[in-house]
Amino acid sequence: MSNKIEIHKLDLHYGKFQALKAVDMPIRERSITALIGPSGCGKSTLLRCLNRMNDLIAGVKVKGRVLLDGQDIYAPGVEVPELRKRVGMVFQRPNPFPLSVYDNVAYGLRVAGLRTRARTAEIVEKSLKGAWLWENLKDRLDSPALELPLDQQQRLCIARLLAVEPEVILMDEPCSALDPIATMKVEELMMELKKDYTIVIVTHNMQQAARVSEYSGYMLLGDMVEFGLTANIFTNPADPRTQDYITGRYG
Amino acid sequence: MKLLGERGVQRLLAGIAFSAISALLLIALFIIKEGLPFIIGYGPAKFLLASDWNPQLGRFGIWPMIVASVWVTLGAMLVGAPLGVACAAYLTEFVPRRVMGVVKPTIELLAGIPSVVYGFIGVMVLAPLIRSSLGGPGLSVLAGAAILGVMILPTIISISIDSIQAVPNSYREGSLALGATRWQTTYMVTIPAAKSGIIASIILGMGRAIGETMAVIMVAGNAVKIPGSPLDSVRTLTANIALEMGYATGRHREALFATGVVLLVIIMILNSLAGMAIRKRAAKR
Ligand SMILES: Nc1ncnc2c1ncn2[C@@H]1O[C@H](COP(=O)(O)OP(=O)(O)OP(=O)(O)O)[C@@H](O)[C@H]1O
Ligand SMILES: [Mg+2]
C-alpha cells in the first residue's frame, strides 16, 4: 500500500505558541490512521492542517510540507476549495446545515456546480446509502436535518461528504457527542468506508483507536512521539511516554 | 441615590417608563379618535379607493397617496434591501473584526443624520441628475425611492449584521470543508441561516420608509396624482399630512387625521410582521 499523504517536518504556530513541532507522519491509502494523545497536544491542529482548515484562523503560520499524492498542499497556487473537495472533514459536533436532509447532501454538488436534478438525486441516494441512512430517511428527505437524532446527524454529515467523492476523510472525535450504540454504528461505517477512502481519525478513546485503526500516531505537546502499526503501539510501544499513556498513567 | 433610596429610584424609573408608554398610547388614541369617525362617516371605501383629493370641494379620496406611498416604499426596498444585506454580509464575512468595530458604529451614526439633510442632497444633486439624464421633473418616485433607500440602509445593515454574526461558526466550517468558497458559503449557508433576522431588518426598514416625511416632501414632487411612471411626481400619505395640516380645518383636518390612522395601521402591521420574524428566529435556537 502506498502513502496517500506524507507529512514532513510540519511546524505550526498560533501567533507565538508553537502547537506542532516538526511532525513527520505518513498516512497510508485506504486505511484508518488514528491520532491519539492527551488533550491539547495538537491532534485537531494536525488534522486541520491536512485540509487547510487552519487557514481560517488569524495568526496561524505553517512551515514544512504536506504531500497529497506527492503534491505539496501548502505550495503557492494551490486551490484550497479544490483541496477540500479531495480531503473532506467530519467535525466533533454534528453540524448539518439548517436545511432539509436532501439539501444537506446535495449541498456539495451545488457548490461544485452540478445542476441536473436527476444526477443530483442519484448521488444523494448513493451517498445516503453509503452512510447507512437511506433506509431510515428515504421517506423523510424533506424533513429538516436538525430534527434528526444526533447519530443520524453525524452520519448525514458523512453522507454529505461522500456526495463530493473525497479521497481522504478527516474525522475529529466524530463519536464524542454520541452514545455507545451510535458510536458502534459509526465505527462499523468507518470500517466499511476505508475500503474506498483514506481515513484519519482523532480520538480520545483508546479502545476506539484499537478497534478501528491500522496505524496510530501518539502525540504529546506538539510532538509526534511515536507512529506505527496500531497493534504494535498498543502492545509493544517503543517510547516509554507512549507506554505511560497507553497504560493510563497519563491523560 | 441616597435621597430616594433603591425603592424610590425603582418607582421613579417605573413612573418614567409608564408615562412614556402612556404618552405613545395617548397619541395613538388621539389620532384614532380624531380620524376614525371621519372614515366611518365618509365611507371607508370612498376614502381609501377614490382618486380625487380636493378639500375645497369636500372630496377626500386618498388612493393616489396610497399608491404613491407604496411605489416609493417598494422602490426604496429595491434599492435598500439588496444593498443593505450585501453590505452586512460583506462586513461580517469578509472584513476583519477590527475593521468591523469601526465601521459598524459609523453606520449606526448614519442613522442619526437628520432627514432634511438627505432631502437637501436629493434636491440639490439627485433630482437635477434625474431630470437631465432621464427626463421628467426630476422630483419623482425615483428620487424619493433612491433617497429613502439610502436612509433605511443603517437599519437594514445593523440588524442584518447582528443576525449574520449570530449564525454558528460550525455552519461556515461545514460548508468550507466541503470545498465551498467563502462567497458560496456566504450566500448558500450563512445568509439563509440568518434569514429571519434579515427579513425582520427589511420589514423594519420598510416601516421607516413608509413613515419618512421630510425627505420625501423635498424630493418626490408632491403632485396628487397616480404616477404613470417612476419619473412622475407624487405625494405620499405622510407628505400629504405634513403639507396640509398647517392650514386645514373642519372636515379637511379630520381627513388628515384619518390619513394618519391609515398610516398607523400600515406601520403596526409591518412591525408585527417583523416581530413575528424575529420571534421565529428565537424559537429556532
Ligand atoms: N485558535 C487557536 N489559537 C491559539 N491556540 C490554539 C488555537 N487552537 C488550539 N490552540 C492551542 O494549540 C494546542 C493544540 O490544540 P488542539 O486543539 O490541536 O489540541 P487537541 O489535541 O485536539 O486537544 P483536544 O483533545 O482537547 O481536542 C493547545 O494548547 C491549544 O490551546
Ligand atoms: Mg481536538
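Residues numbered from 1 in each chain as written. Chains lettered and ligands numbered in written order. Predicted model: local features only at pLDDT ≥ 70, side-chain atom pairs only at ≥ 80, totals over all residues.

Asks: Describe the interface of chain A and chain B, listing the residues and the values that go with them.
Replies: Every contact between the two is made by 22 residues of chain A and, on the other side, 14 residues of chain B. Broken down by secondary-structure element, the contributors of at least two residues to the side of chain A that touches chain B are α2 (80-86), β6 (87-90), α3 (101-111) and α6 (150-162) of chain A. (Contact = placed C-beta atoms within 7 Å. Helix = DSSP H or I, 4+ residues; strand = E, 2+ residues; numbered from the N terminus.)

Asks: Quick rundown of the nonpolar core? Include the residues and the values.
Replies: Residues and elements named next belong to chain B. Among the nonpolar cores identified, the biggest contains 147 residues, and Val72, Ala143, Ile147, Leu148 and Val219 are the most heavily contacted of them. For this core, the element with the highest residue contribution is helix α3 (residues 63-94), accounting for 13 residues. Aside from chain neighbours lying at most four places away, what touches Val219 is Gly119, Gly122, Val123, Leu126, Ala127, Leu139, Ala143, Gly144 and Ile147. (Core = buried A, V, L, I, M, F, W, Y, C linked by C-beta atoms within 7 Å. Buried ≥ 20, exposed ≤ 12 C-beta atoms within 10 Å, placed from the backbone.)

Asks: Report on the sheet that holds strand β9 (residues 215-220) of chain A, specifying residues and quantitative values.
Replies: All names here are of chain A. Strand order in the open sheet formed by 6 strands is β6-β7-β8-β3-β9-β10, with mixed pairing between adjacent strands. Of all strands in the sheet, those bounded by a partner on one side alone are β6 and β10 (223-229). Across this sheet, the average inter-strand angle for adjacent strands is 20°, counted without regard to direction. Note that strand β3 (residues 32-36) and strand β8 (residues 198-202) share 4 bridges and pair parallel. Note on β8: the bridge partner recorded for Ala34 is Ile201. (Pairing = 2+ DSSP bridges. Axes fitted to C-alpha atoms, helices over the stretch in contact; angles between N-to-C directions.)

Asks: Describe in detail the pairing of β10(A), supporting the description with residues and values.
Replies: Regular strands place side chains that alternate from one sheet face to the opposite one. Residue and element names in this part refer to chain A. Of the pairings in the sheet, the one linking β9 to β10 comprises 6 bridges and is antiparallel in character. Bridging across to β10, Ser216 finds its partner in Gly228. In this antiparallel pair of consecutive strands, β9 and β10, the connection spans 2 residues, and Leu221 shows a positive phi of 50°.

Asks: Tell me about the sheet that holds strand β4 (residues 60-68) of chain A, and please be specific about residues and values.
Replies: Each strand in a sheet pairs with another by means of backbone hydrogen bonds, the pair being arranged parallel or else antiparallel. All names here are of chain A. Taken in spatial order, the 4 strands of this open sheet run β2-β1-β4-β5, and their pairing is antiparallel. If you trace the sheet from one side to the other, it starts and ends with β2 (17-28) and β5 (71-72), each paired once. The sheet contact formed by strand β1 (residues 3-14) and β2 spans 8 bridges and is antiparallel. Bridging across to β2, Leu12 finds its partner in Leu20.

Asks: Before we move on, can you summarise the confidence of the model for chain B with the specific residues and values?
Replies: All names here are of chain B. Looking at chain B as a whole, its pLDDT mean stands at 91, while 97% of the residues score no less than 70. Least confident of the elements in chain B is helix α13 (residues 250-284), whose mean pLDDT is 85; most confident is helix α6 (residues 141-151), at 96. Among the prediction metrics, the complex's ipTM stands at 0.91, with pTM recorded as 0.84. (pLDDT = per-residue confidence, 0-100.)

Asks: Account for the packing of α3(B) against α6(B), with residues named and values stated.
Replies: Residue and element names in this part refer to chain B. It is the contact of α3 with α6, at a shortest axis distance of 7 Å, that shows an interaxial angle of 50°. It follows from the interaxial angle that α3 and α6 lie oblique. In the crossing of α3 with α6, the sense of the turn from one axis to the other is right-handed. Seen from α3, the contacting residues are Trp71, Val72, Gly75, Ala76, Val79 and Gly80; seen from α6, they are Val141, Leu142, Gly144, Ala145, Ala146, Leu148 and Gly149. (Parallel < 35°, antiparallel > 145°, perpendicular 65-115°, else oblique. Left-handed = near helix turned anticlockwise from the far one by under 90°.)

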